[in-house]
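For reference, the chains in residue letters:
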Amino acid sequence: QVQLVESGGGLVQAGGSLRLSCAASGRTFSSYAMGWFRQAPGKEREFVAAINWSGGRTRYADSVKGRFTISRDNAENTVYLQINSLKPEDTAVYYCAADPSWRSSLMVRPSEYSYWGQGTQVTVSA
């Protein structure tokens, strides 16, 4: 079992940057793959980025490649999402999630993740 708490969201102008953090409790965090998802009003939750247990492999949605960077610090039980060159269409609630199963691939479907945080709002003004 792991609890996840996101932070770092806010209101930012287009072109700006944010760094989201997801703090995890539990001794097994370092063995979990982690993902970031987002959900805009009236839309389904969508995959943003994922990282494997060691940080050695990452995966990104095409819409964020080159602008978003996922990383993790297992010593601090934290996963990060650096968001640069923000666009109004990035406005959403951002969630982190944990996948405790030892899969060979990084998952992109929300149903593949077992634990979720409460989300942090990111609003990008034009």
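The paragraphs below set out a description of the structure included in this document. (Residues numbered from 1 in each chain as written. Predicted model: local features only at pLDDT ≥ 70, side-chain atom pairs only at ≥ 80, totals over all residues. Heavy atoms only, no water.)

## Considering the side chain of Glu6
Move 1: Mapped onto the elements of the fold, Glu6 is located in strand 1 (residues 4-7).
Move 2: Among buried Asp, Glu, Lys and Arg side chains, Glu6 stands out as unpaired, with Arg45 the closest opposite charge at 7.4 Å.
Move 3: One polar contact links the side chain of Glu6 to the main-chain amide nitrogen of Cys96, over a distance of 2.8 Å.
Move 4: Within polar-contact distance, the side chain of Glu6 engages the backbone nitrogen of Gly119 at 2.8 Å.
Move 5: Leaving out residues up to four positions away in the same chain, Glu6 has contacts with Ser21, Cys22, Trp36, Tyr94, Tyr95, Cys96, Gly117, Gln118, Gly119 and Thr120. (Helix = DSSP H or I, 4+ residues; strand = E, 2+ residues; numbered from the N terminus. Buried < 20%, exposed > 50% of the residue type's maximum accessible area, 1.4 Å probe, protein only. Lys, Arg positive; Asp, Glu negative; His and termini not counted. Salt bridge = Lys/Arg side-chain N within 4 Å of Asp/Glu carboxyl O. Polar contact = N/O pair within 3.5 Å; in protein donor to acceptor, adjacent residues only side chain to side chain. Contact = heavy atoms within 4.5 Å.)

## Concerning the nonpolar core
When a protein is soluble and globular, its nonpolar side chains tend to lie buried together.
Move 1: If you look at the biggest cluster of nonpolar residues, it comprises 39 residues, and the most contacted ones within it are Leu4, Met34, Trp36, Leu81 and Tyr94.
Move 2: Taken together, the elements giving at least two residues each to this core come down to strand 3 (18-24), strand 4 (33-39), strand 5 (46-51), strand 7 (68-73), strand 8 (78-83), strand 9 (92-99) and strand 11 (120-125).
Move 3: The contact partners of Tyr94, leaving out residues within four places of it in the chain, are Glu6, Leu20, Trp36, Phe37, Arg38, Val48, Phe68, Leu81, Ile83, Gly119, Thr120 and Val122. (Core = buried A, V, L, I, M, F, W, Y, C linked by side-chain atoms within 4.5 Å.)

## Notes on the sheet that holds strand 8
Sheets are built from strands that pair by backbone hydrogen bonding, the pairs being arranged parallel or antiparallel.
Move 1: Strand order across the open sheet formed by four strands is 1-3-8-7, with antiparallel pairing between neighbours. In this open sheet, the two edge strands, each paired with only one partner strand, are strand 1 and strand 7. Along the sheet, successive strands turn relative to each other by an average axial angle of 15°, direction set aside.
Move 2: As paired strands, strand 7 and strand 8 are joined by six bridges and run antiparallel to one another. (Pairing = 2+ DSSP bridges. Axes fitted to C-alpha atoms, helices over the stretch in contact; angles between N-to-C directions.)

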